[in-house]
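Structural features, examined
Now for the letters of each chain:
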Amino acid sequence: MGAMTRTRPAASRRGRRRGPVARLTLPTLLLLTALVTITPFAGMVLVAFAPPSGRTFPDAFLATRITWDNFASVLASSDILRWTVNSLVYSLLSVVLILLFAAMAGYAFAKKRFPGREVMFWSFLATLMVPFQATLIPTYILVSELGGVDSYWGLVVPTLANSQAVFLMRQFIVQLPGDLFEAAEIDGASEWRIFTTIVLPLVRPALATLGVFVFLWHWNDFLWPLVLGQSGEMQTLTVGLATLQSENVPINQIMAGATITVLPSLLVFGLLQRYLTDSIAMTGLKA
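Residues numbered from 1 in each chain as written. Predicted model: local features only at pLDDT ≥ 70, side-chain atom pairs only at ≥ 80, totals over all residues. Heavy atoms only, no water.

What follows concerns the overall build of the chain. A tally of regular secondary structure across the chain gives 13 helices and zero strands. Overall, the chain shows an N-to-C arrangement of helices and strands of α-α-α-α-α-α-α-α-α-α-α-α-α. Among the 287 residues that make up the chain, the fraction classed as buried is 36%. Sequence-distant contacts, at least 24 apart, represent 74% of the contacts inside the chain between residues at least 6 apart. (Helix = DSSP H or I, 4+ residues; strand = E, 2+ residues; numbered from the N terminus. Buried < 20%, exposed > 50% of the residue type's maximum accessible area, 1.4 Å probe, protein only. Contact = heavy atoms within 4.5 Å.)

Right, dumping it as structure tokens:
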């Protein structure tokens, strides 16, 4: 018994000694991960602000002078303003329409009873396993036959059937209390009124969160705009910046253009970041 009593305090002391180390390990790991993640972004910004004949990454971290000449040059020598408009139209239209259709489909799959509901939902969800590259050629042929090449609707329409967005909205709406919908039906509310006055206000945090992701997906999209936008007037920012590399544009100007493309993403995230935490908090609501 005496040996056992002597070993227990020693074990507890070792546990106390490991406690601070264990607590420091996670913050240190997160800090290192953040540094690795932000280093390429910081290098891009520093190269963009370096003199046109200045150093490039990683020597840009040692730059002693910054300049706006690269931004002025890329804005003056390229169609970046036109590319920005195309990217905004493509992204914003997709966000509005995808959120509308995903909310409507998610409400139907979550709260409505109709034959074949589960089969339809899981069949639609199974399309997530089909890579976009496998359907790229058939989609392009279909859009081309309908006259959608080099058009905004040709860019937007094929992306509206977003199974991931429908799945996320369905999972959120299914948690809403069923009593709300039963009370509305008893009061004689129509389906459209229930959707607009009950469903949409309650899922607003989820819509904002999904809107951030959808905007980023389309703003950074490259392959589909590259295939469909065959003229320079319909190129998006991602495609347009890629063409600058083939024109032997200085790397400082390319990094300046890339820095410009990041600003709308940061703005959207900054405006809607509070909804990200609200949507997480509301996931505790049970039906």
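We are not done yet, so read on.
The next point concerns the packing of helix 8 (residues 178–186) against helix 9 (residues 191–202). Two elements in contact, helix 8 and helix 9, have axes separated by 10 Å at closest approach and are oriented at 150°. One finds that helix 8 runs roughly antiparallel with respect to helix 9. Helix 8 and helix 9 meet at a crossing whose hand is right-handed. Across the interface between the two elements, Leu180, Phe181, Ala184 and Glu185 from helix 8 touch Glu191, Ile194, Ile198, Val199 and Leu202 from helix 9. Residues of the contact of helix 8 with helix 9, tallied by class, amount to seven nonpolar, no polar and two charged. (Axes fitted to C-alpha atoms, helices over the stretch in contact; angles between N-to-C directions. Parallel < 35°, antiparallel > 145°, perpendicular 65-115°, else oblique. Left-handed = near helix turned anticlockwise from the far one by under 90°. Nonpolar A, V, L, I, M, F, W, Y, C, P; charged D, E, K, R; others polar.)

So, about the pattern of salt bridges. For the coordinates displayed, the defined rule picks out three salt bridges. We note a salt bridge from lysine 112 to glutamate 185, for which the minimum N-O separation is 3.4 Å. Of this pair, lysine 112 sits in the loop between helix 3 (80–111) and helix 4 (117–126) while glutamate 185 sits in helix 8, and the two are 73 residues apart along the sequence. Glutamate 185 gets classed as partly exposed once you look at its relative accessible area, which sits at 42%. Across the pair lysine 112 and glutamate 191 runs a salt bridge, and its minimum N-O distance is 2.8 Å. (Salt bridge = Lys/Arg side-chain N within 4 Å of Asp/Glu carboxyl O.)

With that out of the way, let us pick up the nonpolar core. Judged by nonpolar contacts, the single largest core of 55 residues is most densely connected at Met169, Ile173 and Val203. The greatest single-element share of this core, amounting to eleven residues, is contributed by helix 3. Discounting residues that sit within four places of it in the chain, methionine 169 has contacts with Ala102, Ala103, Gly106, Val203, Ala206, Leu207 and Leu210. (Core = buried A, V, L, I, M, F, W, Y, C linked by side-chain atoms within 4.5 Å.)

Judged by side-chain polarity, Leu31, Leu32, Leu35, Ile38, Phe41, Leu263 and Leu266 come together as a nonpolar surface patch covering roughly 660 Å² of accessible area. Counting residues per element, the ones that place at least two in the nonpolar patch are helix 1 (2–49) and helix 13 (251–282). By residue number, the principal contributor to the nonpolar patch is helix 1, which donates five residues. Tracing the chain through its elements places leucine 35 in helix 1. (Patch = residues over 30% accessible without salt bridge, like charges linked within 9 Å, V, L, I, M, F, W, Y side chains within 5 Å. Areas by Shrake-Rupley, 256 points an atom, 1.4 Å probe, with all protein chains shown as cover.)

Attention shifts here to the side chain of glutamine 253. Position of glutamine 253 relative to the elements: it lies in helix 13. Non-local contacts of glutamine 253, meaning those with residues more than four positions away in its chain, are made with Asn70, Ser73, Val74 and Ser77.

The geometry of helix 3 relative to helix 9 is characterised by a closest axis approach of 12 Å and an angle of 105° between their N-to-C directions. Viewed along their axes, helix 3 and helix 9 adopt a mutual orientation that is roughly perpendicular. Within the contact between the two elements, helix 3 uses Leu100, Ala103, Met104 and Tyr107 and helix 9 uses Glu191, Ile194, Phe195, Val199 and Leu200.

Another point: the packing of aromatic side chains. Overall, the coordinates contain 13 aromatic pairs when judged by the stated rule. The interplanar angle of 45° and the centroid separation of 6.3 Å between the aromatic rings of phenylalanine 109 and phenylalanine 114 together place this pair among those described as tilted. On the basis of relative accessibility, which here comes to 30%, the residue phenylalanine 114 falls in the partly exposed class. Among the aromatic residues, those joined into a ring-pair cluster are Phe109, Phe114, Phe121, Trp122 and Phe167. The ring of phenylalanine 121 carries arginine 170 above its face, with NZ or CZ at 4.7 Å from the centroid. (Phe/Tyr/Trp six-rings, centres within 6.5 Å; stacked < 30°, edge-to-face > 60°. Lys NZ or Arg CZ within 6 Å of the ring centre and 35° of its normal.)

By themselves these figures say nothing about function.
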